[in-house]
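Observations on chain architecture
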Amino acid sequence: MEKRARVLIDCEDAKGLVYQISKVFYDRSLNIDNNREFVDKEYKRFFMRTVVSGHFDVEELHDELASVVPDDARIRVLEPSEKKIILLATKESHALGDILVRHADGELDATIECVIANHDTLETLVKRFDIPFFYISAEGLSREEHESKVMACIDQFTFDYMVLAKYMRILTPAFVEAYEKKIVNIHHSFLPAFIGANPYKQAYERGVKIIGATAHFVTNDLDEGPIIAQDVIPVNHRFEWKDMQKAGRDVEKIVLSRALALVLHDRVFVNGNKTVIF
């Protein structure tokens, strides 16, 4: 039976890589439906994403590709399938609600395993979509104690990515390392210029002319992980801070949905503290 796969390769750059990789596909009579490649010349790193179709065994194809690329190569041969995600939230509903609606409409191309929140504010919203909701209060607990409870809940599920849908808690290094390169976050683009409470009011008082949002992978450098997607919109003197907040939340929803589409369709390579997007 004919099938499709996304072949993702990143490795040290070398002459003839595109030829050698394509020859593996040709020798197996596989059709290349889509192909993109990029070389980071500064670090001499090669990236390639190819969609192939035909008759093949995933493990055999992986091993053949490994035989023609440098030893440090990271190779993934992935048959397209719905990813599984877990959502973390606090009180703000815009990012979470947008994901829930896209999931209900079949646009997300992923299964939401559960929503975990440190407040019960969003429980009614989540249950309208028949998604499991877990309320784990942080009151009276250290960050480590609270995260231990959250991780115990998370580890009941098999998942591909975790999405911080305005989860307003700083994660400990232990938590980040446990789910390395699996946590996607969304925040307003004012960071680090407007840190702390009510960044939109701070932006209004400073008279900014653009507002925006950034989606990124979470690392132990607060809000400085590899960027997946960004966008901005113009604002002017007619905007009060609440107008900026409303517009900013709309941008956050759009940017997060773009980032999830890229990640869920295996279009993102992490390249140090940057990303290569195909």
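As a starting point, this report considers the structure included with it.

How each quantity is defined
- Residues numbered from 1 in each chain as written.
- Predicted model: local features only at pLDDT ≥ 70, side-chain atom pairs only at ≥ 80, totals over all residues.
- Heavy atoms only, no water.
- Salt bridge = Lys/Arg side-chain N within 4 Å of Asp/Glu carboxyl O.
- Helix = DSSP H or I, 4+ residues; strand = E, 2+ residues; numbered from the N terminus.
- Axes fitted to C-alpha atoms, helices over the stretch in contact; angles between N-to-C directions.
- Left-handed = near helix turned anticlockwise from the far one by under 90°.
- Contact = heavy atoms within 4.5 Å.
- Nonpolar A, V, L, I, M, F, W, Y, C, P; charged D, E, K, R; others polar.
- Pairing = 2+ DSSP bridges.
- Buried < 20%, exposed > 50% of the residue type's maximum accessible area, 1.4 Å probe, protein only.
- Arc of directions from axis to C-beta.
- Phe/Tyr/Trp six-rings, centres within 6.5 Å; stacked < 30°, edge-to-face > 60°.
- Lys NZ or Arg CZ within 6 Å of the ring centre and 35° of its normal.

A look at the pattern of salt bridges
Tallied over the full model, the rule gives 16 salt bridges. For Glu-60, the salt bridge goes to Arg-28, with nearest N and O atoms at 3.4 Å. Here Arg-28 lies in the loop between helix H1 (17-27) and strand S2 (31-40) and Glu-60 lies in helix H2 (residues 58-66), a separation of 32 residues in the sequence. Measuring nitrogen to oxygen at the nearest pair gives 2.9 Å for the salt bridge that ties Lys-127 to Glu-123. Placement of the pair is Lys-127 and Glu-123 together in helix H4 (residues 123-127), with a separation of four residues, close to one helical turn.

Considering the packing of H1 against H2
With their axes 10 Å apart at the nearest point, H1 and H2 run at an angle of 145 degrees to one another. Note that H1 runs across H2; the crossing there is right-handed. On H2, the residues that touch Ile-21, Val-24 and Phe-25 of H1 are Leu-61, Glu-64 and Leu-65. The class makeup of the residues in the contact of H1 with H2 is five nonpolar, no polar and one charged.

Observations concerning the sheet that holds strand S6 (residues 110-117)
Spatially, S7-S6-S5-S8-S9-S10-S11 is the arrangement adopted by the seven strands of the open sheet, whose pairing is mixed. Where the open sheet ends on each side, the last strands, each with one partner, are strand S7 (133-135) and strand S11 (227-234). Recorded for the sheet is a direction-independent mean angle of 20 degrees between the axes of neighbouring strands. The strands touched by helix H8 (residues 241-264) are strand S5 (83-89), S6, strand S8 (161-164), strand S9 (183-188), strand S10 (210-217) and S11; relative to S11, the strand with the most contacts, the crossing angle is about 150 degrees.

A closer look at H1
Within the span of H1, buried status applies to Leu-17, Ile-21, Val-24 and Phe-25. One face of H1 carries all of its buried residues, which in axial projection span an arc of 95 degrees. Exposed positions of H1 whose direction lies more than 90 degrees from the buried face are Tyr-19 and Tyr-26. Next to the buried residues of H1 lie strand S1 (3-12), S2, strand S3 (45-54) and H2. Ser-29 sits one or two positions beyond H1 and adopts a positive phi of about 60 degrees.

Some words on the packing of aromatic side chains
Centre-to-centre distance and the angle between the planes together describe a pair of aromatic rings. Counted by the stated rule, this structure contains six aromatic pairs. A ring pair is formed by Phe-134 and Phe-157, whose centres lie 6.0 Å apart and whose planes are at 65 degrees; its orientation type is edge-to-face. Taken together, the residues Phe-134 in strand S7 and Phe-157 in the loop between helix H5 (143-154) and S8 connect sequence positions 23 residues apart. When the ring of Phe-159 is compared with that of Tyr-179, the centres are 5.9 Å apart and the planes differ by 55 degrees; the resulting orientation is tilted. Here the residue Phe-159 occupies a position in the loop between H5 and S8, and Tyr-179 occupies one in the loop between helix H6 (173-178) and S9, the gap between them amounting to 20 residues. Residue Phe-159 shares its accessibility class with Tyr-179, and that shared class is buried. Here a set of aromatic residues connected by ring pairs shows up, and it is made of Phe-38, Phe-47, Phe-269 and Phe-278. When the ring centre of Phe-56 is taken as origin, the NZ or CZ atom of Lys-3, which lies over that ring, is 5.1 Å away. Above the face of the Phe-159 ring, Lys-182 is positioned so that its terminal group lies 5.2 Å from the ring centre.

In short, geometric facts, not functional conclusions.
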